[in-house]
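Here is how the chains run, residue by residue.
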Amino acid sequence: MKHHHTVSILVNDHPGVLQRVSALFNRRGFNIDSITVGSSEQPGMSRMIIVTLGDDRIMHQVINQVEKLIDVVNIEILSEKPLVARELALIKVEAEPVKRPEIMTLAEAFRATIADVSPDSLVVQIVGDTEKIEAMIELLHPYGILEISRTGVTAIARGRHRL
Amino acid sequence: MNESHLLSQDRIPGSEILLRSLLLEGVECIFGYPGGSILNFYDEIYKNNELRHYLARHEQGAIHAADGYARSTGKVGVCVVTSGPGATNLITGIATAHIDSVPLVIITGNVPLSMIGTDAFQEADIVGMTMPVTKHSYFVRDVNDIARTIREAFYIANTGRKGPVLVDIPKDVTVKEAIFVWPQTIHLPGYRAKSEIIKEQIDALLVALKKAKRPVLLAGAGVIHADASNELVELAEKSGIPVVTTFLGLGGFPSQHPHWVGMPGMHGSYAANMAIQQADLLIAVGARFDDRLTMNAAKFAPNAEIAHIDVDKAEIGKNIATTYPVIGDIKHVLNYALPKVTLSSTDNWLQTIAAWKASHPLRYVDSDEILKPQWVIELLHRTTKGEAIITTDVGQHQFWTAQYYPFTRPRSLISSGGMGTMGFGLPSAIGAQIANPDTLVISINGDGGIQMSSHELAVCAIHHIPVKVVVINNEVLGMVRQLQEVAFEERYSEIDLSGSPDFVKLAEAYGVKGLRATNKEEAEQAWQEALAIDGPVLVEFVVPSSENVYPVVPGGKALHEMMLGDDE
Ligand SMILES: Cc1ncc(C[n+]2csc(CCOP(=O)(O)OP(=O)(O)O)c2C)c(N)n1
């Protein structure tokens, strides 16, 4: 069965780690929807969050293979348990002055903010899970979207549990 | 060895740090080829007399020699080359070692740091190119990191599931100086060299074993890598279980042992393949269910529950669903299990297997006029009592070796199993002979594969490395010919090797004795002469082109659906 999986990987901050990890996913035909990397709570280590679509059984094999990489300290499929997943998107929308209030009201309804205003465009900044962001984009479409920039999903397990 | 002169904390260049680090790791010899980016290290080799260096004639020869050294000893093989083409010439050798879990440390020079990424002369991103075929790799940017990197590289290469580790060092990093500090500890968060054995997993398997009526042990190369052959023998004897060994597992269980059934797989014996297909419990020990072993995986061992003992968790369930996974070092696992194992009532099962062996032995149609390749392999076995180290190249001769040279000791068969790399046979024998100067080393090759590495005969001659190089000359790419005969209705496409050089003259050109045999009498004579010569010899055995390897399980078929061969 094919599913979306969210994987959390704690890695040493060494060059090439990203390349090694993504290569193992690619080899088994997993498309990486998004990948985010940032520093973690442990000095010298980064946390990588990968969202990918693929077969469940092969997923576990890939996880075992990634776990073998010398620079991988820990790995877990977050999406097998309750998790918090968030993404940030910056959406540049065409906005003549008359349209602005409308767009701003829409944004407010999504708890999005306006990150930049120019004479004929706005940048909407929204944080949320992937569905929320897709919904925002959908609603902004009629105004004319000029550009979208998304961070990809970062995620963490709910509760006290830590990787 | 007195190490104090190596350990002293002097300010020395990176090249000397590298040399000292290798010596501190216990390296006696390295295989390599110099060039611009690695010259500072070669200058250290020139000045030093503790480290022997063997100059190959092609970098691939160097790395296969390091591989043969490692496979025949269990020690880390070391290979050193220059940047760019020197490094890229290693890729086949790295892949060959990686897929067969052979511990190597490969050191490549690179262009100076300031020129990295500029497409400089002889620059290659060898770390990037080899990522999928190395266990790990390093790009060393700081002279202060060399000693630690070498220490880690050796540790990673030869622990857990073994494999090649590449260390790429820019030229200026070998020139810069630093205080030599040999790290006392290794800090690798995230690297689990040894996972603790999980007793519950083993206990569960032992319960299943008690119930099994037709258990089979499938021993792979992992048994040899873990030095666990004795434990395996003890397990087979205490439990009464018959044993089959994979191609690379040959020698891991003594073939003369009454419990040894044979080698299963594509060219496996009838009894070994039937034992797997009829087993009710198949216990794989350090074997990775390669597709040449399982053939049609969906029809593999259809009556058996599968148990799998392996150091590498990623192998479990990869190709074959496993009921009893046991993760851990094989020696530790077997040592835990042995006191708890009791004799199963397998007498009926052993009798069934013995009957299969008797009714379907390996066979070929011999001849008194011409030399049969299988007979040649039997000759090699008869005259060496199976005590030699045998390396092979890739092709039909490789399987005839597996079938007609019964191996009795671990590390006595050295062959490229996973990659099937032609050109491996001769250089790997050079490495094995250097590591085992007092053991007879025989390299068995086809007339195709020998021509991928015959230049390494120079190394044999110059260093007086007494490898007996056998060329089974059938004037074709035999393995391909066999596939084309069966699967392509005898449309023989580009397999003709007639017009190859005169192998006797080729050997002599390198200063190696050359001999040829075209019938049994000549063969006995030439081979006895070869054995008597104190030095390298090439012996060419001229055999027919049309001989096929049997049994063979055709592609897509199950193990029991094998073709048994030509009838008399
Ligand atoms: C480097 C490489 N190229 C191609 C192959 C494919 N291949 C496998 S066996 C074989 C024929 C080998 O012929 P030869 O060395 O004469 O040995 P024989 O099969 O006749 O014993 C070939 C071409 C290979 N295994 N390795």
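Residues numbered from 1 in each chain as written. Chains lettered and ligands numbered in written order. Predicted model: local features only at pLDDT ≥ 70, side-chain atom pairs only at ≥ 80, totals over all residues. Heavy atoms only, no water.

1. Description of the overall build of chain B
A count of helical and extended segments in chain B gives 23 helices and 20 strands. Its C-alpha atoms give chain B a radius of gyration of 24 Å, within 12% of the compact-globule value 24 Å for 568 residues. With the C-alpha coordinates of chain B rotated into their principal frame, the extents come out at 70 × 60 × 45 Å. Looking at the 568 residues of chain B, the share that counts as buried comes to 60%. Sequence-distant contacts, at least 24 apart, represent 75% of the contacts inside chain B between residues at least 6 apart. Split by element, the accessible area of chain B, about 21700 Å² in all, is 51% carbon and sulfur. Between the mean site of the 45 positive side-chain charges and the mean site of the 64 negative ones, chain B shows a separation of 6 Å. (Helix = DSSP H or I, 4+ residues; strand = E, 2+ residues; numbered from the N terminus. Rg over C-alpha atoms; globule rule 2.2 N^0.38 Å. Buried < 20%, exposed > 50% of the residue type's maximum accessible area, 1.4 Å probe, protein only. Contact = heavy atoms within 4.5 Å. Areas by Shrake-Rupley, 256 points an atom, 1.4 Å probe, with all protein chains shown as cover. Lys, Arg positive; Asp, Glu negative; His and termini not counted. Charge placed at Lys NZ, Arg CZ, Asp CG, Glu CD.)

2. A look at the overall build of chain A
Each helix and strand in chain A was counted, giving four helices and nine strands. Reading the secondary structure of chain A in the N-to-C direction produces β-α-β-β-α-β-β-α-β-β-α-β-β. Considered along the principal axes of its C-alpha atoms, chain A spans approximately 55 × 40 × 30 Å. Within chain A, the proportion of its 163 residues that are buried is 44%. Partitioning the intrachain contacts of chain A with sequence separation of at least 6 by distance along the chain shows that 73% fall at a separation of at least 24. The average position of the 18 basic charges and that of the 21 acidic charges among the side chains of chain A differ by 8 Å.

3. Focus on the pattern of salt bridges
When the charged atoms of two side chains lie near each other, side chains of opposite charge can form a pair. All names here are of chain B. Scanning the model with the defined rule gives 33 salt bridges over all chains in all. Between E231 and K331 there is a salt bridge; the shortest N-O distance is 3.4 Å. In this pair, E231 sits in helix α12 (residues 229-239) while K331 sits in helix α15 (residues 330-337), placing the two residues 100 residues apart along the sequence. For E231, a relative accessible area of 10% translates into the label buried. The class for K331 is partly exposed, based on a relative accessible area of 29%. Put simply, R491 and E489 hold a salt bridge, and the shortest N to O gap is 2.9 Å. (Salt bridge = Lys/Arg side-chain N within 4 Å of Asp/Glu carboxyl O.)

4. A look at the domain arrangement of chain B
Residue and element names in this part refer to chain B. Here the domain parsing of chain B yields domain 1 (3-179), domain 2 (199-359) and domain 3 (373-542). Contacts between domain 1 and domain 2 engage seven residues on the former and six residues on the latter. Interface of domain 1 and domain 2: buried area, both sides summed, is about 590 Å²; carbon and sulfur atoms make up 50% of it. Considering only the surface of domain 1 that becomes buried against domain 2, D100, R161 and K162 emerge as the three largest contributors, covering 66% of it. For the pair domain 1 and domain 2, the interface holds two salt bridges. Our count for the domain 1 to domain 2 interface comes out at five residue pairs in polar contact (both at pLDDT 80 or more). (Domains from an automatic or database assignment. Buried area = accessible area lost by both parts, 1.4 Å probe. Polar contact = N/O pair within 3.5 Å; in protein donor to acceptor, adjacent residues only side chain to side chain.)

5. Looking at helix α6 (residues 91-99) of chain B
Residues and elements named next belong to chain B. Taken together, the buried positions of α6 are G93, I94, A95, T96 and A97. As for α6, its buried residues are in contact with α4 (59-73), β5 (104-110), α7 (126-130) and β7 (164-170). Of the residues flanking the end of α6, it is S101, one or two places downstream, whose phi is positive at about 55°.

6. Considering the nonpolar core
All names here are of chain B. Ranked by internal contacts, the top residues of the largest apolar core, which has 70 residues, are L217, I283, I309, W527 and F541. When we break this core down by domain, the ones giving at least three residues each are domain 2 (199-359) and domain 3 (373-542). Leave out the neighbours within four places in its chain, and I283 touches L205, L209, V216, L217, L218, I241, A307 and I309. (Core = buried A, V, L, I, M, F, W, Y, C linked by side-chain atoms within 4.5 Å.)

7. Let's talk about the site of the ligand
All names here are of chain B. The immediate surroundings of the ligand are formed by 18 residues, with Q396, H397, G420, G449 and G478 found nearest. Taking D447, its side chain carries an N or O atom lying 3.0 Å from an oxygen atom of the ligand. One of the backbone N or O atoms of G478 is found 2.8 Å from an oxygen atom in the ligand. Bound to the protein, the ligand loses 76% of the 580 Å² it would expose on its own. (Near = heavy atom within 4 Å.)

8. Examining empty space enclosed by the protein
To locate leftover empty space, one rolls a probe as large as a water molecule over the atoms. Residue and element names in this part refer to chain B. Within the structure shown, the criterion is met by six cavities of 30 Å³ or more. Within this model, the largest cavity holds a volume of roughly 140 Å³. Lining the largest cavity we find R71, D100, A221, I224, H225, L248, R411, L413, I414 and S415. Mapped onto the lining of the largest cavity, the elements with two or more residues apiece are α11 (221-225) and β16 (413-414). Here the element with the most residues in the lining of the largest cavity is α11; it accounts for three residues. For the lining of the largest cavity, the per-class residue count stands at five nonpolar, two polar and three charged. In terms of domain composition, the lining of the largest cavity takes at least three residues from each of domain 2 (199-359) and domain 3 (373-542). (1 Å grid on protein atoms, 1.4 Å probe; cavity = no way out; pocket = protein on both sides within 12 Å on 5 of 7 lines; lining within 4 Å. Points joined across faces, edges and corners; volume = space filled by probe spheres on them. Nonpolar A, V, L, I, M, F, W, Y, C, P; charged D, E, K, R; others polar.)

9. Let's talk about the pairing of strand β5 (residues 83-94) of chain A
Residues and elements named next belong to chain A. Note: β5 against strand β9 (residues 154-157), four bridges, orientation antiparallel. In the strand pairing of β9, A85 is matched with A155. Two strands pair when backbone bridges link them, and β5 and strand β7 (residues 121-128) are joined in this way by eight bridges, in the antiparallel orientation. Residue pairing in the sheet places K92 in a bridge with V123 of β7. Looking at chain direction, β5 and strand β8 (residues 145-150) are connected through five bridges and run antiparallel. When the bridges of β8 are listed, L90 appears paired with S149. (Pairing = 2+ DSSP bridges.)

10. Observations concerning the packing of aromatic side chains
All names here are of chain B. Counting across every chain of the model gives eleven aromatic pairs over all chains. Centroid distance F180 to W182: 6.3 Å. Interplanar angle 10°. Geometry classified as stacked. The rings of F31, Y54 and Y69 are connected pair by pair, giving a single aromatic cluster. Here the basic side chain of R20 rests over the ring of F180, its NZ or CZ set 5.1 Å away from the ring centre. (Phe/Tyr/Trp six-rings, centres within 6.5 Å; stacked < 30°, edge-to-face > 60°. Lys NZ or Arg CZ within 6 Å of the ring centre and 35° of its normal.)

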